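# Report on the structure
Listed here are the chains, written in short residue letters.
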Amino acid sequence: MKNYLARLAFGSVLLAVGYKPIMQSNIFSFGSDTYEIQWEGTNGSKLFGSYVIGSKSLSAPSRAEKVTATLPYKVSFSAPKNTLISAAGTTGNQGAVTIRIFRNRSECGKVVIVGSGAMANKTCQ
């Protein structure tokens, strides 16, 4: 009887939200997501930043990349599902830097550092 109730509950969830959205969600760690990180601010300002592709697995290392560019700047890449993405940036002239992180073309991320003199810093998980 317990097995029947578990199957009924799972089937009800599939019917309620649809099979495809469940398979596309991050509850299964198969496949990868596409990411785009955008740094924005005063056009032509020098950007000093970085981004991290953080692995949640102890068997795979995280990857950190340095960014030295001119605003606006963007980078695109793919990463395994359930990866933690973080980006930071500042300009030499103390201008404002806005960071936007997109996963599968939808903006995600939250500000993780605030305060006087703090670099812009966002994360997406």
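Now for a look at the structure at hand. None of these values were measured; they are calculated from a predicted model.

## Here's the deal with the environment of Q125
Within the secondary structure, Q125 is located in the segment after β9 (120-124). Linking Q125 and C108, residues 17 residues apart in sequence, is a C-alpha distance of 8.1 Å. For Q125, the contacting residues outside a window of four places in its chain are T83, L84 and R103.

## Quick notes on the side chain of D33
Counting through the fold element by element, D33 comes out in strand β1 (residues 32-41). Assessed through its relative accessible area of 0%, D33 is described here as buried. Engagement of the side chain of D33 in a polar contact is seen with the side chain of K81, the distance being 2.7 Å.

## Notes on the sheet that holds strand β7 (residues 106-108)
In space, the four strands of this open sheet follow the order β4-β1-β6-β7, with antiparallel pairing throughout. Each of the sheet's edge strands pairs with one partner strand only, and the pair in question is β4 (73-80) and β7. When strand polarity is set aside, the average angle formed by the axes of neighbouring strands in this sheet is 30°. Judged from the three bridges that link them, strand β6 (residues 97-103) and β7 form a sheet pairing that is antiparallel. Following the sheet pairing, F102 is matched in β7 by E107.

Reading guide: rules and limits
Think of each chain on its own: its residues are numbered from 1, step by step along the sequence as written. Confidence filtering applies because this is a predicted model: local features only for residues at pLDDT of at least 70, side-chain atom pairs given and counted only at 80 or more, and all residues used for totals across whole chains, interfaces and linings. Side-chain numbers come from the whole structure's heavy atoms, not from hydrogens or water. Note on conventions: DSSP H or I runs of at least 4 residues are helices, E runs of at least 2 residues are strands, and numbering of each starts at the N terminus. Here, two residues are considered to be in contact whenever any of their heavy atoms come within 4.5 Å of each other. Each residue gets one of three labels from its accessible area relative to the maximum for its type: buried under 20%, exposed over 50%, partly exposed in between, using a 1.4 Å probe on protein chains only. For the purposes of these results, a polar contact is taken to be a pair of N or O atoms within 3.5 Å, where, inside protein, one atom must be able to donate a hydrogen and its partner to accept one; residues adjacent in sequence count only when each atom of the pair is a side-chain atom. Two strands are counted as paired when DSSP detects at least two bridges linking them. Each axis is a line fitted through C-alpha atoms, taken for helices only over the stretch in contact, and angles between the N-to-C directions span 0 to 180 degrees.

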